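Structural overview
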Amino acid sequence: CYHGPKLMIERYEFNVELLVQTPTSMHGSAEGHQGYIYRRTKKANKRKACNTSQFGTPCDPLFAKAWEVCRGGLDSVSKHTSEEVEKHMGSKSKRVTRSASKRFSAEEKKEE
């Protein structure tokens, strides 16, 4: 795992203990990261932020909306996905390619 103990234990409240922390890097890259190996513990954490009575199961607030959509079934997921794609990508505006942008700038210069 590449998430540190503070995030895994304090924020996500996983019942784990850190076994090993080691530096890692990708082949040919000077960029370094830390790798962490955890082990589950039997000790149960008292959940604060993650305990949601709305779903009847522990859920991180970050994923609450996605969990709610998924519990609504396939139609709900499909509708939500379509809405998000439309919102971020939009089907109304046409994609401008590099050659088209050169053509538009050449036409603008002719008009001047």
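The rules we used
Residues numbered from 1 in each chain as written. Predicted model: local features only at pLDDT ≥ 70, side-chain atom pairs only at ≥ 80, totals over all residues. Heavy atoms only, no water. Helix = DSSP H or I, 4+ residues; strand = E, 2+ residues; numbered from the N terminus. Buried < 20%, exposed > 50% of the residue type's maximum accessible area, 1.4 Å probe, protein only. Contact = heavy atoms within 4.5 Å. Core = buried A, V, L, I, M, F, W, Y, C linked by side-chain atoms within 4.5 Å. Salt bridge = Lys/Arg side-chain N within 4 Å of Asp/Glu carboxyl O. Phe/Tyr/Trp six-rings, centres within 6.5 Å; stacked < 30°, edge-to-face > 60°.

**Describing the overall build of the protein**
A count of helical and extended segments in the protein gives 4 helices and 4 strands. Start at the N end of the protein and walk to the C end: the helices and strands fall as α-β-β-β-β-α-α-α. Evaluated residue by residue, the protein yields a buried proportion of 14% over its 112 residues. At a minimum sequence separation of 6, the contacts of the protein that also span at least 24 residues come to 39%.

**Quick word on the nonpolar core**
Core analysis: the biggest nonpolar cluster contains 5 residues, these being M8, Y12, V16, Y36 and Y38. Setting aside residues up to four positions removed in sequence, M8 forms contacts with C1, H3, E13, F14 and Y38.

**Focus: the pattern of salt bridges**
In a structure, side chains of opposite charge can pair up when their charged atoms sit close to one another. Under the counting rule described, the total for this entry stands at 4 salt bridges. We note a salt bridge from K79 to E83, for which the minimum N-O separation is 3.7 Å. Here the residue K79 and the residue E83 both occupy positions in helix α3 (residues 74-89), the gap between them amounting to 4 residues, near one helical turn. A relative accessible area of 56% places K79 in the exposed class. In this structure, K87 engages E84 in a salt bridge whose closest nitrogen and oxygen atoms are separated by 3.4 Å. Placement of the pair is K87 and E84 together in helix α3, with a separation of 3 residues, close to one helical turn.

**Remarks on unusual backbone geometry**
One non-glycine residue, E13, adopts positive backbone phi at about 55°. Along the chain, the position of E13 falls in the loop between α1 (5-11) and β1 (16-25).

**Regarding the environment of K42**
Inspection of the secondary structure assignment puts K42 in the loop between β2 (32-40) and β3 (51-52). Each C-alpha atom of the pair K42 and N15 lies 7.2 Å from the other, and the pair is 27 residues apart in sequence.

**What to know about the packing of aromatic side chains**
Scanning the entire structure with this criterion turns up 2 aromatic pairs. For the pair Y12 and F14, a centre-to-centre distance of 5.9 Å together with 45° between the ring planes defines the contact as tilted. The class of Y12 is buried, set by a relative accessible area of 18%. Each ring, one from Y36 and one from Y38, has its centre 6.3 Å from the other, and the planes form 25°; the classification is stacked. Overall, Y36 belongs to the buried group, its relative accessible area being 12%.

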